[in-house]
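Results of the structural survey
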Amino acid sequence: MQAPPDISFYAKQIEHLKEELEETRGREKMLLYIFEKSLSSSILIEEDMTISLSNEKVEELFGYRKNELQGKVKWPIFIHQDDVAKMKAYHQLRREDPSTAPSEYECRMIDGNGKIQDVFLKLDMIPGTKKSLATFITVTSRKQAEKSLLERESQLSAVVNNFEGFIYTVDSDYSLEFMNARLIKRVGREACGEKCHSVIFSRSTPCPWCPLLAVANGKTVKQEIIDPIDGRWHAWVSTPISGGDPGTLKKQTLITDIHDRKLAEAALLESRENLKVENRLLKSSMKDRYRFGSIIGRSPKMQAVYELIIKAASSGDNVIIYGESGTGKELVAREIHELSGSGKTPFVPVNCGAIPENLMESEFFGYKKGAFSGAIKDKPGYLDQADGGVIFLDELGEIPLAIQVKLLRAIDGGGFIPIGGSEVKTPELRIIAATNRDLISLVKNGTMRADFFYRIHVIPILLPPLRDRKEDIPLLMEHFLKSIDSTVSFTAIEPSVVNTFQRYSWPGNIREMQNALRRYLTLGQIDLDIHGAGQVCEAQPLAGPKKMADRASIKAALNDTEKQIIIEALEKNRWHRGYTALSLGMTRKTLERRMKQYDIRGVVKPDVSL
């Protein structure tokens, strides 16, 4: 008979099982606690998709309490409707063959408030069961950041692609890492990896203006450079950008075309310089406005001429001077040349009316040795002589049409070829022309080309005849006296002589007056037909030494002359004292003092002070 089992053995076994059970329960409690307090949102999913467990983080993430979820709802309640079918398929596959279903992926889930959350999902099967553990990590912020980054990249890409210039990036050894579309189009290919100086500027060595070293030291460099490829001005901005390795910097360069702006700046600077020249000339000429260089006169018409001379001198444009014979057109031309700052450059005067038509071409354009019989050596023409300076074409209207065509070509940059030569010469010169003819009439009747006229007629200056500025005659007489005989003083001229000179119309203008004064000094008399009917006016000879010593009589004569000049000026200006003072080159107060001194009275009219 078999002995009964030892009760103590079973007691020990039961005690051992109890200990294991307690240990298992302890582990379960510990695991449950870890699950509950996990930093990740987690749920335990049964085979039928029911949520059997959820932790505190699920409540924070989705807004559902545990008692609303555990054992009551299936977990697709969280899934966005567009992802439900996919999630169910993965759930089934995971139980049939875990290797066929992904264990990690991103999806969209919906919280208790209906808000869509982007989450990273990890699913693991519980070994030996059909249950799975799902862990959620929200990536909504990351998704939003990625979206914002994509938007910014898209915006930046649009800016780069529409930038009206070139953008490129290079590393420390000048290798291109990025080129925008415009730069790729310019060089004809996408050339990343090649040297920037070789690709962009066809240079075998780095560009001498490249600021790569300064940029590598963290500096932003701005430059304005003429592009050696197209010859246009460009603005360069080179900035440092972070490289792939910590502490490394790369260079990003933006190039913008600023050629038009630089031209405008240059034009503005030139205009300012011209204004400075005009201002300087005006200030210097104000000191002695009864003359302008070698030009004499303080009448309003001459003051207007002086202003035009100043403008012409500062502009550099072609000038046409209109005026009767003897009005001093060449003097004006020389004054423009001197004031323009070109006094050391050639000034070549040409009397076009004195050149025979058959010699016009050889005189203007020159010829080569052997070009014709008698051409024993090369002879430069007027255009060659005036290269770099001014050619003064006096009597412009006398140039024949055939020569006008060739001159126009030379002026417009087409150049000319000397007779017998083959080399095209392109002189740089300024034209100042003069005429006493009506050029518009010449254009109308076909003796002057319209294009030639308009090429010369840029700044017109009209010189008044002497009869229209008689108030300048005493100044001219004094000036010519000094040049003819420096020992003779203007005070030695009888007032009647001055009066006679002022009453005469001077058809020959200043040249005729100068000759008449010379004749008077030589012969002691004048013979001017002031009445236009052959009535010669005889004047007293120069005062002798004894009479000149009589200063009282000299002063009286000068006073008489001044009184007469003032009266004539008042009558000419209809007794307007302001205009009269201006025409005489004195202040109104001085004029009124002189009128009181000489007891000049006239018609009183409303007068507006100047």
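In this report, the structure presented in the accompanying data block is examined. (Residues numbered from 1 in each chain as written. Predicted model: local features only at pLDDT ≥ 70, side-chain atom pairs only at ≥ 80, totals over all residues. Heavy atoms only, no water.)

**Some thoughts on the overall build of the protein chain**
The cut-off we apply is this: Helix numbering and strand numbering both begin at the N terminus, where a helix is a DSSP run of H or I of at least 4 residues and a strand a DSSP run of E of at least 2. Contact definition: two residues touch when any of their heavy atoms are within 4.5 Å. Areas reported as accessible are Shrake-Rupley estimates using a 1.4 Å probe. Residue values count occlusion only from the protein chains shown.
Looking only at helices and strands, one finds 23 helices and 19 strands in the protein chain. A sequence separation of at least 24 residues applies to 55% of the contacts in the protein chain between residues at least 6 apart. Summed over all atoms, the accessible surface of the protein chain reaches about 35100 Å², with 53% contributed by carbon and sulfur.

**So, the nonpolar core**
Spelled out, the test is: Remark: nonpolar core denotes a set of buried residues (Ala, Val, Leu, Ile, Met, Phe, Trp, Tyr, Cys) joined through side-chain atoms within 4.5 Å. Relative accessibility decides the category of a residue: with a 1.4 Å probe and only protein chains considered, values under 20% of the type maximum give buried, values over 50% give exposed, and everything between is partly exposed.
Counting residues in each nonpolar core, the largest one holds 30 residues, and the members touching the most others are Val-350, Phe-364, Ile-391, Leu-393, Leu-396, Ile-399 and Phe-452. Filtering out sequence-adjacent residues up to four positions away, Phe-452 remains in contact with Leu-396, Ile-399, Gln-404, Leu-407, Leu-408 and Ile-411. Among the nonpolar cores identified, the runner-up in size contains 25 residues, and Ile-473, Leu-476, Met-477 and Phe-480 belong to it.

**Concerning the sheet that holds strand β1 (residues 41-45)**
How we decide: For two strands to pair, DSSP has to find at least two bridges joining them. Orientation is described by axes fitted as lines to C-alpha atoms, over the contacting stretch for helices, and by angles from 0 to 180 degrees between their N-to-C directions.
Here five strands make up an open sheet; going across it, the order is β2-β1-β5-β4-β3 and the pairing antiparallel. Of all strands in the sheet, those with a lone pairing partner are β2 (51-54) and β3 (104-110), marking the two edges. Each neighbouring strand pair of the sheet contributes to a mean axis angle of 30°, computed without reference to strand direction. Note: β1 against strand β5 (residues 132-138), five bridges, orientation antiparallel. By the bridge assignment for β5, Ser-42 is matched with Thr-135. Where helix α4 (residues 84-96) meets the sheet, its contacts fall on β1, β3, β4 (116-125) and β5, and the angle it forms with β3 comes to roughly 135°.

**Examining the pattern of salt bridges**
Threshold: Salt bridges are identified by distance alone: a Lys or Arg side-chain nitrogen within 4 Å of an Asp or Glu carboxyl oxygen.
Scanning all chains against the criterion turns up 29 salt bridges. A salt bridge links Arg-142 to Glu-106; its shortest N-O distance comes to 2.4 Å. Taken together, the residues span a long stretch of sequence, with Arg-142 in helix α5 (residues 140-162) and Glu-106 in strand β3 at a distance of 36 residues. A relative accessible area of 37% places Arg-142 in the partly exposed class. Residues joined by salt bridges that share partners form a network here, namely Asp-82, Asp-83 and Arg-108.

**Regarding unusual backbone geometry**
If you check the backbone angles, Glu-395 has positive phi at about 55° while not being a glycine. Looking at the secondary structure, you find Glu-395 in the loop between β15 (390-394) and α14 (401-411). One non-glycine residue with positive phi stands out, namely Asp-599, at about 55°. Tracing the backbone shows Asp-599 in the segment after α23 (588-597).

**Re the side chain of Asn-318**
Applied cut-off: In protein, a polar contact means a hydrogen-donor-capable atom and an acceptor-capable atom, both N or O and within 3.5 Å, with residues adjacent in sequence counting only if both atoms are side-chain atoms; elsewhere, any N or O pair within 3.5 Å suffices.
Within the secondary structure, Asn-318 is located in the loop between α10 (300-315) and β13 (319-322). Residue class for Asn-318 comes out buried when judged on its relative accessible area of 7%. Here the side chain of Asn-318 touches Ile-431 through a polar contact of 3.0 Å, landing on its backbone nitrogen.

**So, the sheet that holds strand β9 (residues 233-242)**
Taking strand neighbours across the sheet as the criterion, the five strands line up as β7-β6-β10-β9-β8 in an open arrangement whose pairing is antiparallel. Strand pairing shows two members of the sheet lacking a second neighbour, β7 (176-179) and β8 (221-226), which therefore form its edges. Pairs of neighbouring strands in the sheet enclose a mean axial angle of 20°, with direction left out of account. Across three bridges, strand β6 (residues 165-170) lies against β7 in antiparallel orientation.

**So, the packing of aromatic side chains**
Basically, it comes down to this: Only centres within 6.5 Å qualify two rings of Phe, Tyr or Trp (six-membered ring in Trp) as a pair; their planes then separate them into stacked at under 30 degrees, edge-to-face at over 60, and tilted for everything else. Charges are assigned to positions over rings by a cutoff of 6 Å between ring centre and Lys NZ or Arg CZ, combined with an angular limit of 35 degrees from the ring normal.
Applying the stated criterion across every chain yields a total of 15 aromatic pairs. With 4.8 Å between their ring centres and 65° between their planes, Tyr-367 and Phe-372 make a pair best called edge-to-face. On the accessibility criterion, Tyr-367 (15% relative accessible area) is buried. By relative accessible area, Phe-372 is classed as partly exposed at 36%. Aromatic ring contacts, followed pair by pair, group Tyr-64, Trp-75, Phe-78 and Phe-136 into a single cluster. Over the aromatic face of Trp-233 sits the side chain of Lys-262, whose NZ or CZ is 4.5 Å from the ring centroid.

**What to know about the packing of helix α17 (residues 473-484) against helix α18 (residues 495-503)**
The test is simple: Every angle not falling under 35 degrees, over 145, or within 65 to 115 is termed oblique; those three ranges are roughly parallel, roughly antiparallel and roughly perpendicular. Crossing handedness follows the turn of the near helix against the far one: under a right angle anticlockwise gives a left-handed crossing, and clockwise gives a right-handed one. For this scheme, ten residues count as nonpolar: Ala, Val, Leu, Ile, Met, Phe, Trp, Tyr, Cys and Pro. Four count as charged, namely Asp, Glu, Lys and Arg, and the remainder, Gly too, count as polar.
Direction vectors running N to C along α17 and α18 enclose 120°, while the axes themselves pass 10 Å from each other. With respect to α18, the element α17 is oriented oblique. Judged by the twist between their axes, the crossing of α17 over α18 is right-handed. Residue-level inspection shows Ile-473, Pro-474 and Met-477 of α17 in contact with α18, the latter providing Val-497, Val-498, Phe-501 and Gln-502. Residues that form the contact of α17 with α18 fall into these classes: six nonpolar, one polar and no charged.

**Some remarks on the pairing of β5**
Sheet topology places β4 next to β5; seven bridges connect them, and they run antiparallel. Each bridged residue has a counterpart across the sheet, and for Val-119 the counterpart in β5 is Thr-138. In textbook terms, the turn of a hairpin is the stretch between consecutive antiparallel strands, and for β4 and β5 this stretch comprises six residues, one of which, Gly-128, has a positive phi near 80°.

**Quick look at the environment of Asp-317**
If you trace the backbone, Asp-317 turns up in the loop between α10 and β13. Residue class for Asp-317 comes out partly exposed when judged on its relative accessible area of 36%. Here the alpha-carbon distance between Asp-317 and Val-458, two residues 141 residues apart in the chain, equals 6.7 Å. In this structure Asp-317 touches Arg-430, Val-458 and Ile-459, once residues within four positions along its chain are discounted.

**Side note on the pairing of β6**
Each regular strand displays side chains that alternate between the two surfaces of the sheet. Counting buried positions along β6 yields six of six residues, so the element is predominantly enclosed. Pairing geometry for β6 and strand β10 (residues 249-257), over six bridges, is antiparallel. Paired with Val-170 across the bridge in β10 is Lys-251. Here β6 folds back onto β7, and the loop between the two strands holds five residues, one of which, Tyr-174, carries a positive phi near 70°.

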